[in-house]
Amino acid sequence: MPALAYGTGAYRRNSLGLPELRVRNLYVERTPVTGEQPVLVGRPALDELRAEAGASMRGVFQWDGVLGGGLLSFGDGVRLNGSLIGAVGGSDRVRAAAGEGEALAVAGGVVYRVTATAATPVAFPDGAAVADVDFLRGRFVLVRRDTGQFYWSDILDGQTIDGLSYATAEKQADPLVACRVVGDEVWNFGTDTVEPWGPNNDPDLPYAPTPGRMYQAGCAARDTVVALDNTAYWVSDKLEVVRGGPQVAETVSTPSIAERLASVSSDRLSAGGFSWRNHAFYVLRIEGVGSAVYDITTGEWAEWDSFGRPEWDAHVFQQVGAEVYAGSARDGTLWRLSDTVSTDA
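Parameters at a glance
Just so you know, the residues in each chain are numbered from 1, in the order the chain's sequence is written. In view of the model being predicted, local features appear only for residues whose pLDDT reaches at least 70, and side-chain atom pairs are presented and counted only at 80 or more, with totals across whole chains, interfaces and linings using the full set of residues. Side-chain metrics in this entry use all non-hydrogen atoms of the structure; hydrogen atoms and water are not considered. Here, the term nonpolar core denotes a set of buried Ala, Val, Leu, Ile, Met, Phe, Trp, Tyr and Cys residues that are joined through side-chain atoms within 4.5 Å. Whether a residue is buried, partly exposed or exposed follows from its accessible area with a 1.4 Å probe, protein chains only, as a fraction of its type maximum: under 20%, in between, or over 50%, in that order. Helix numbers and strand numbers start at the N terminus; a helix is a DSSP run of H or I with at least 4 residues, a strand a run of E with at least 2. We call two residues in contact when some of their heavy atoms are within 4.5 Å. By this definition, two strands are paired if DSSP reports at least two bridges between them. Axis geometry follows a simple rule: fit a line to the C-alpha atoms, using only the stretch in contact for helices, then measure angles between N-to-C directions, giving values from 0 to 180 degrees. Aromatic contacts are taken between Phe, Tyr and Trp rings whose centres are within 6.5 Å, Trp giving its six-membered ring; a plane angle under 30 degrees counts as stacked, one over 60 as edge-to-face, and the others as tilted. Polar contact criterion, stated in full: a pair of N or O atoms within 3.5 Å, where within protein one must be able to donate a hydrogen and the other to accept it, and residues adjacent in sequence count only if both atoms are side-chain atoms. Buried and open spaces are told apart on a 1 Å grid over the protein atoms alone, a cavity being a set of points where a 1.4 Å probe fits but cannot get out and a pocket being an open set with protein on both sides within 12 Å along at least five of seven lines. Residues with an atom within 4 Å of a point are the lining residues. Grid points are joined across faces, edges and corners, and a volume is the space filled by probe spheres set on the points. Each residue is assigned to one class: nonpolar for Ala, Val, Leu, Ile, Met, Phe, Trp, Tyr, Cys and Pro, charged for Asp, Glu, Lys and Arg, and polar for all the others, Gly among them. Any Lys or Arg side-chain nitrogen located within 4 Å of an Asp or Glu carboxyl oxygen qualifies as a salt bridge.

**Notes on the nonpolar core**
Now for step 1: The biggest cluster of nonpolar side chains holds 20 residues, and the ones touching the most others in it are Val241, Leu261, Tyr282 and Leu284.
Now for step 2: Of all the secondary structure elements, the ones that give two or more residues to this core are β20 (226–228), β21 (231–235), α1 (255–261), β24 (269–276), β25 (279–286) and β26 (290–295).
Now for step 3: Aside from chain neighbours lying at most four places away, what touches Leu284 is Val235, Val241, Ile257, Leu261, Ser270, Ala271, Gly290, Ser291 and Ala292.
Now for step 4: If you look at the next biggest cluster of nonpolar residues, it comprises 19 residues, including Leu67, Leu72, Ala103 and Tyr112.

This is how it looks when you write it as structure tokens:
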């Protein structure tokens, strides 16, 4: 009896009138059996950890050795292990980073220092708005919004950001929208290009451009940038999902994904990522369209959703060892991903 063929990746091209191939709330796993098709495994379920107030969960973060290793969540306020410690402004997704014993968060263009008891604004040069933050080699790195400049803090002091402690990603004149630390480099994401900078043995200029490295693939939206699996993934200015390769940006999206990306404005794009049972997932949320999930392990795309909605409710993630915590895009619910329950709580 011939084997029954089935799809292993989601595919939809409405513009061509082709029938849709749906891999929904599943992912592919290869088996060692010769000649056998891979198996389809159900996505992890959302097991409720707690419900917090707020229109959505704006961020979830944890770092060993910082704030006692506790879990920070940003909903209507800032909570440490569920206890309210303060608030941050804006309604955008929160970006955060941790150094030696301290954490900084960026929300609504403002930098906050987060401790076990408070979230306090940090003075930034000229009172300018900040787009992103990360941490490399003892210093916090912060992108100044609507410019090509990124700043750095004093060493092991996230509260001190000098007005002259900055550099310009100047290989191209495009403004920066994000930064992410990948390995021992900080990648500066502009609207047209991405420039990796590495450590530099100069206290006045602690980072320098990595020779021969610049990706000709800009960033369409800050919140699509995810450091994952020893590189970074993002939606490019060409509306393709790409990752940083050894020399060039490598496209991982399909024409089906590109068509969906082109159907919305860039402010409706966001992403997160996590590792799960020997798979690594880049979860791309296209608001109003769906959540497209790229399995880095197999190279296949799938569609994950929640009951009655095109998108998966989980939209921000934090990996803590083998555990993955996820926050809701619809309310203040915080979940733990699970493969021991079969339905979302």
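**Topic: the sheet that holds β21**
Now for step 1: The sheet built from four strands is open, its strands ordered β20-β21-β22-β23 with antiparallel pairing. Either end of the sheet is taken by a strand with one partner, and the two such strands are β20 and β23 (249–251). Taking each pair of neighbouring strands and ignoring which way they run, the sheet shows an average axis angle of 30°.
Now for step 2: Across three bridges, the pairing between strand β22 (residues 241–244) and β23 is antiparallel. Across the sheet, the residue bridging to Gly244 is Ala249, located in β23.

**Side note on the sheet that holds strand β4 (residues 59–61)**
Now for step 1: Read across the open sheet, the four strands follow the order β4-β5-β6-β7; overall the sheet is antiparallel. Two strands lie at the open edges of the sheet, namely β4 and β7 (83–86), each paired on one side alone. The average undirected angle you get between the axes of adjacent strands in this sheet is 25°.
Now for step 2: Of the pairings in the sheet, the one linking strand β6 (residues 78–80) to β7 comprises three bridges and is antiparallel in character. Bridge pairing in β7 places Arg79 opposite Leu84.

**Observations concerning the environment of Phe74**
Now for step 1: Among the secondary structure elements, Phe74 is positioned in strand β5 (residues 72–74).
Now for step 2: A relative accessible area of 1% places Phe74 in the buried class.
Now for step 3: For the pair Phe74 and Val88, spaced 14 residues apart in sequence, the C-alpha to C-alpha distance is 8.2 Å.
Now for step 4: Contacts of Phe74, omitting those with residues within four sequence positions, involve Ser56, Met57, Arg58, Gly59, Phe61, Val88, Val94 and Ala105.

**Side note on the packing of aromatic side chains**
Now for step 1: Tallied over the full model, the rule gives 22 aromatic pairs.
Now for step 2: Seen in terms of ring centroids, Tyr27 and Phe281 are 5.1 Å apart; in terms of plane orientation they differ by 70°. Their pairing is edge-to-face. With a gap of 254 residues between them, Tyr27 in strand β1 (residues 26–29) and Phe281 in strand β25 connect regions that are remote in the sequence. Pair check on accessibility: Tyr27 and Phe281 agree, each one buried.

**Digging into the side chain of Arg180**
Now for step 1: Relative to the helices and strands, Arg180 is located in strand β16 (residues 176–182).
Now for step 2: Judged by relative accessible area, which is 12%, Arg180 ranks as buried.
Now for step 3: Within polar-contact distance, the side chain of Arg180 engages the side chain of Asp132 at 3.1 Å.
Now for step 4: If we skip the residues at most four places from it in the chain, Arg180 touches Arg95, Asp132, Val133, Asp134, Glu185, Val186, Trp187, Phe189, Val225 and Ala227.

**Quick look at the layout of surface pockets**
Now for step 1: Of the volumes computed, that of the largest pocket is approximately 860 Å³.
Now for step 2: Lining the largest pocket are 34 residues, with Phe61, Arg180, Val226, Ala227 and Gln318 sitting closest to its centre.
Now for step 3: Across the lining of the largest pocket, the residue classes break down as 18 nonpolar, nine polar and seven charged.
Now for step 4: Lining the second largest pocket are 21 residues, and of these Arg93, Asp223, Asp267, Leu269 and Ser270 lie nearest its centre.
Now for step 5: Where the lining of the second largest pocket is concerned, the elements lending two or more residues are β12 (130–136) and β24.
Now for step 6: Considering only residue class, the lining of the second largest pocket consists of seven nonpolar, five polar and nine charged.

**Topic: the pattern of salt bridges**
Now for step 1: Evaluation of the coordinates by the stated rule reveals 21 salt bridges.
Now for step 2: Asp344 serves as the salt-bridge partner of Arg43, at 2.8 Å between the closest nitrogen and oxygen. Placement of the pair is Arg43 in the loop between β2 (39–42) and β3 (45–52) and Asp344 in the segment after β30 (332–338), with a sequence separation of 301 residues.
Now for step 3: Look at Arg43 and you get buried, because its relative accessible area is 13%.
Now for step 4: Among the ionic pairs, Arg180 bridges to Asp134, the shortest N-O distance being 3.6 Å. Here Arg180, found in strand β16, pairs with Asp134, found in strand β12; they are 46 residues apart in sequence, far enough to count as distant. Asp134 shares its class with Arg180; the two are buried.
Now for step 5: Within the structure, one salt-bridge network assembled from shared partners comprises Arg24, Arg260, Glu303 and Asp305.

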